[in-house]
Amino acid sequence: MSLFKARDWWSTALGEKEEFDQGCLCVADVDNSGSGQDKIIVGSYIGYLRIFNPHPVKPGDGMQAEDLLLEVQLRDSILQVEVGKFVSGTELLHLAVLHCRKLCVYAVSGTLGNVEHGNQYQIKLMYEHNLQRTACNMTYGPFGGVKGRDLICIQSMDGMLMLFEQESYAFGRFLPSFLLPGPLTYSSRTDSFITVSSCQQVESYKYQVLAFATDADERKETEQQKLSSGKRLVMDWVLNIGEQALDICVVSFNQTSSVFVLGERNFFCLKDNGQIRFMKKLDCSPSCFLPYCSVSEGTINTLVGNHNNMLHVYQDVTLKWATQLPHIPVAVKVGNLQDLKGVIVTLSDSGHLQCSYLGTDPSLFQAPKVESREINYEELDREMKELQKIIKESTKTQDILPKSEKDYDDLRITAEVSPDLDVDSQAIDSEVRAEAVPSVTVKITLQSRLAVQKTKLSICVQPPLALTHDQFIFDDLESCGSKAVALSVFLKGNCPPAELEGDAVASYSTPTGIPRVAQCKFRLPLRLICFPAQPSKTANHKLTIDTNKPPVSLVNLFPDFADQSDEDQVNVLGFQFLTGSRITLLASKTSQRYRIQSEQLEDLWLITKELAFRLEEHFKKQNSKDFTCTFSGSVPLQEYFELIDRHFELRLNAEKFEELLSERAIQFRAIERRLLTRFKDKTPAPLQHLDTLLEGTYRQIIALADAAEENQTNMFQAFTKLKSATQLVIMLISLWQKLSTDQVAILEATFLPLMQDTQELGWEESVDAAISHLLRTCLSKSSKEQALTLTSQLSIPKDTSRLKKHITLLCDRLAKGGRLCLSTDTNIQQTMVMPGGCTPIQESDLEERTGVQDSTTMFTNHKHLTKQKSKTAATFSLGAFSTPAQRLSQIRRQKKWTKEDMFCGLMRSSEADRAQLNAWRLTESMRS
């Protein structure tokens, strides 16, 4: 940062919401006044052309009305403005304005005023050229060594150089190997055009080579016409600078000329023949530059503006001065204004135009003197304690997401779901094969405490659910104002969703410009996806949920599904999804149990979750705080593994379809090339059934595309069913092992890491990596397992045997006392020492018993695992004894242990244990 700021001589702001760039600024005596004073010409992308002649009364004054000589709005946006001798028959200066599809040349003239309003300026169109191609930039000069006039060269967006000899079009040439346009300039000393291509090369083309090369308007594709249409366009010299260029300029001084190129990280000075004279690595990202001749010092100086609001002055590679600007310059010029030579004119992209000079008068801030007062140490101590308390409270939680409490109440968002379904369904393009697809209305309300800006409301539900509207945009919300929107939710896909929850997120900006986000969740009714049906007596899948409270009538739990007059529905209730599946819910009359049964495993999830939720709400209304649900059955891993295999099989099919489509596409393009070759031949040749082969390949591609699309639909449905079954397994494991909320959150993050399934990153490899991490950290049995590292790259596996084995192993370790947590230091002893002092089962033994080929193990909740009386159960762990004496006495009772075994066992104990061991060994040696 510079100590000195650029001294403001004159400044103004151009228009409102206008944009400017590098070619929009020019400084010259455009009205041919002959006084030697330059005028400032500025063009904007909106089409405004302005000419200024600053006359500040004192340095730092703003623009006066008489400073603006001319302001006119042209019909097209202005890309670049230049001043030169562009009209034939005269050597006066004229203004050239480049539009996207037009080049206009104007004469600027002034009329002396007889009243106090001053002189009047106007522009007159001398001629214009309509361009056949979209222009990018232009340059001018005495092309070909002409005297007393300037010609114009325009570069189009597709790489064509269009040359105009003032009022007439000369010719056009295409640049070889062109991709994107770059900066363009003209060197009068070598009579050549210099540009920087997209290959990051500085290229030079002679004007004579351009004039005699192939005409761009007559360029053809055949080799015969290429040989007979002119010379090939070749470069005079080329230099690779290794980066894209922002600007290029040619400066002539002392009968020599230098080419200056501003790159993204360096600026280069080249000789006429393309050799590097010097280069300078820049510390900041540059935005513009201007090389100019210093007559007093006899050198070439360079002004370089950067994105840190700085303007650097270099003499060759030496930094001579650095000054600070109030904006980021996109264009910089030097001119003579009001008898002041060397005024620096800068322009920002938003239209801040400033004329400044370099000075040594620093603008330093001096703090005002404060009144001396006595320090109250007791008050400072109290304030320090309060601040420390606030810091401690804020560091207790490391949450990245914002709190659900109303910490930021600038904007509050609430969602209200209608208790009844819509009378007229709003379902659109639903794929559900049902007579009527219902919809429900959700009302989202935004309440702002302060005036907020750029508010965007987004609503999201889990597919196959869909919304009638998912985004709303509000320009501004006034203080203490509110906005309400209504939308409808319906089932679009032909499968039940995995969740009946939605999210509403509002992003906005505070009055100070700080971006904020407010969010809320809403719960959709179960009636949206199912309706009452007759209960079914038989089912393939059954789950039993135990509670610690007396059974509740299903009529009271599900009043929206049960018939109040039907006494049979007190203990049994039937549900049928819109997709056709039927679920039965039974409540025991004597015990405190509820049974859910269905033909498909994944269909049990939503009804089980709804049952647990309504039971909690029912007992909460009765002020019963000790209500709990448990699960004592077997976790249905075999049926869960079948869903995993089905989803994985569809993923493999998607890969096969992609490979087949790629092969058929290559074959189709090869046949097309051969057919085109046959059609281009002057002598007709037989097609040899290539047209039949082309048609057959096309039909194969269409059939494969249809099959791939159908497989994609099936894979989406399979992934939805897999998510439902996964949610059910997580719930059963949590009820089985009585996991806490944090442990359930870890399980959900492990089994449901993806919201969408893709070929690049699928569910199987993501879950396998997450479970492997748990098995090596919080569920590990030793430090050796923790030392194992996981692969850093995830790819689709060959099969699902490894994943099923890890899921089985996870359930086994949870059954034997393992607990889930994010820290690994406190869990080694927990997983090594099991309840009752029993030894954990080795992983190799577990794999032999579970079996990789079937993985059909069912886990049952046994409360007395330590009652197995076997020799292996008598093996003890030294960590189970609290004192060294107890450990030593236990060692002595074990006659089968050798001294080496006891020594290795006690090496992990404390110093006191090792001292006891040494004393015992000494006693044994004396006895012998």
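As a reminder, the structure under discussion sits directly above these lines.
All values reported here derive from a predicted model rather than from experimental measurement.

**Student:** Just to check I follow, could you spell out the overall build of the chain for this structure?
**Tutor:** Within the chain, the secondary structure is distributed over 16 helices and 43 strands. For the chain, the residues scored as buried account for 42% of the 928 residues in total. For the chain, the share of sequence-separated contacts (at least 6 apart) that also reach a separation of at least 24 residues comes to 60%. Here the chain displays about 52100 Å² of accessible surface, and carbon together with sulfur accounts for 50% of that area.

**Student:** Before we go on, may I ask you to explain the sheet that holds strand E15 (residues 184-187) in this structure?
**Tutor:** Strands belonging to one sheet form pairs held by backbone hydrogen bonds; the direction of such a pair is parallel or antiparallel. In space, the four strands of this open sheet follow the order E15-E16-E17-E18, with antiparallel pairing throughout. Of all strands in the sheet, those with a lone pairing partner are E15 and strand E18 (237-240), marking the two edges. The mean inter-strand angle of the sheet, taken between neighbouring strand axes irrespective of direction, is 20°. Alignment of strand E17 (residues 201-206) against E18, held across four bridges, turns out to be antiparallel. For Ser204, the partnering residue across the bridge sits in E18 and is Trp237.

**Student:** I'm lost on helix H5 (residues 604-621) in this one. Help?
**Tutor:** Within an α-helix, residues lying three or four positions from one another point in the same direction, as the helix has 3.6 residues per turn. A rise of 1.5 Å per residue sets the reference length of H5, with its 18 residues, at 26 Å; its end C-alpha atoms lie 26 Å apart and thus fit the reference within 8%. If you check which residues of H5 are buried, you get Leu604, Trp605, Leu606, Ile607, Thr608, Lys609, Glu610, Leu611, Ala612, Arg614, Leu615 and Phe619. Phi for Asn623, located one or two positions after H5, is positive at around 60°.

**Student:** Any chance you could explain unusual backbone geometry here in plain terms?
**Tutor:** Most peptide bonds take the trans configuration, and most residues that are not glycine carry a negative phi. Going from Pro463 to Pro464, the amide bond is cis rather than trans, its omega being 15°. Its place among the elements puts Pro464 in the loop between strand E32 (452-461) and strand E33 (465-467). Look at Lys17: it is not a glycine, yet its phi comes out positive at around 55°. Inspection of the secondary structure puts Lys17 in the loop between strand E1 (7-13) and strand E2 (25-28). With a relative accessible area of 85%, Lys17 lands in the exposed category. One non-glycine residue, Asn309, adopts positive backbone phi at about 60°. Considering the arrangement of structural elements, one finds Asn309 in the loop between strand E24 (299-306) and strand E25 (310-315).

**Student:** Is there a simple way to explain the nonpolar core in this structure?
**Tutor:** Soluble globular proteins: nonpolar side chains tend toward being buried together. With 100 residues, the main nonpolar core has Leu457, Val489 and Tyr640 as its most contacted residues. Here the element with the most residues in this core is helix H7 (residues 690-737); it accounts for eleven residues. Ignoring any residue separated from it by four or fewer positions in sequence, one finds Leu457 in contact with Ile413, Ile444, Leu446, Asp470, Gln471, Phe472, Phe474, Val485, Val505 and Ala506.

**Student:** Where do I start with the sheet that holds strand E9 (residues 102-111) in this structure?
**Tutor:** In spatial order, the strands read E7-E8-E9-E10; together these four strands make up an open sheet with antiparallel pairing. Both outer strands of the open sheet, strand E7 (80-84) and strand E10 (120-130), are each paired with one neighbouring strand and no more. Along the sheet, successive strands turn relative to each other by an average axial angle of 25°, direction set aside. Looking at chain direction, E9 and E10 are connected through ten bridges and run antiparallel.

**Student:** Explanation requested: the packing of helix H6 (residues 637-680) against H7 in the structure shown.
**Tutor:** When two helices pack together, their arrangement is captured by the angle between the axes and the distance separating the axes. As a packed pair, H6 and H7 sit with axes 8 Å apart at the nearest point and diverge in direction by 160°. As summarised for this structure, H6 and H7 are arranged roughly antiparallel, according to the angle between their axes. The chirality of how H6 crosses H7 is left-handed.

**Student:** Could you clarify how one ought to interpret the environment of Pro636 in this entry?
**Tutor:** With respect to the helices and strands, the residue Pro636 is situated in the loop between strand E43 (629-630) and H6. Residue classification places Pro636 among the buried positions, given a relative accessible area of 10%. Separated by 89 residues in sequence, Pro636 and Ala725 place their C-alpha atoms 9.8 Å apart.

**Student:** How should I be thinking about the packing of aromatic side chains in this particular structure?
**Tutor:** The relation between two aromatic rings is expressed through the spacing of the ring centres and the mutual angle of the planes. Enumeration over the complete set of coordinates arrives at 18 aromatic pairs. With a centroid separation of 6.4 Å and 75° between ring planes, the pair formed by Phe558 and Phe561 is classed as edge-to-face. For Phe558, a relative accessible area of 0% corresponds to the buried category. Exposure remark for Phe561: the relative accessible area of 4% places this residue in the buried category.

**Student:** Quick question: what am I supposed to make of the environment of Gly47 here?
**Tutor:** Tracing the chain through its elements places Gly47 in the loop between strand E3 (39-43) and strand E4 (48-52). You can call Gly47 buried: its relative accessible area is 0%. Taking the C-alpha atoms as reference points, Gly47 and Ile78, 31 residues apart in sequence, are found 5.4 Å from one another. Discounting chain neighbours no more than four positions away, the residues touching Gly47 are Val72, Gln73, Leu74, Asp76, Ser77 and Ile78.

**Student:** How should I be thinking about helix H8 (residues 741-751) in this particular structure?
**Tutor:** Regarding H8, the residues found buried are Gln743, Val744, Ile746, Leu747, Thr750 and Phe751. For H8, the arc enclosing every buried residue in end-on projection is 155°, short of the 170-degree limit, so these residues lie on one face. Residues of H8 that are exposed and point more than 90 degrees away from the buried face comprise Thr741, Asp742 and Ala749. Buried positions along H8 lie against H6, H7, helix H9 (763-776) and helix H11 (801-815).

Thresholds, definitions, all that
- Residues numbered from 1 in each chain as written.
- Predicted model: local features only at pLDDT ≥ 70, side-chain atom pairs only at ≥ 80, totals over all residues.
- Heavy atoms only, no water.
- Helix = DSSP H or I, 4+ residues; strand = E, 2+ residues; numbered from the N terminus.
- Buried < 20%, exposed > 50% of the residue type's maximum accessible area, 1.4 Å probe, protein only.
- Contact = heavy atoms within 4.5 Å.
- Areas by Shrake-Rupley, 256 points an atom, 1.4 Å probe, with all protein chains shown as cover.
- Pairing = 2+ DSSP bridges.
- Axes fitted to C-alpha atoms, helices over the stretch in contact; angles between N-to-C directions.
- Expected span 1.5 Å × (residues − 1).
- Core = buried A, V, L, I, M, F, W, Y, C linked by side-chain atoms within 4.5 Å.
- Parallel < 35°, antiparallel > 145°, perpendicular 65-115°, else oblique.
- Left-handed = near helix turned anticlockwise from the far one by under 90°.
- Phe/Tyr/Trp six-rings, centres within 6.5 Å; stacked < 30°, edge-to-face > 60°.
- Arc of directions from axis to C-beta.

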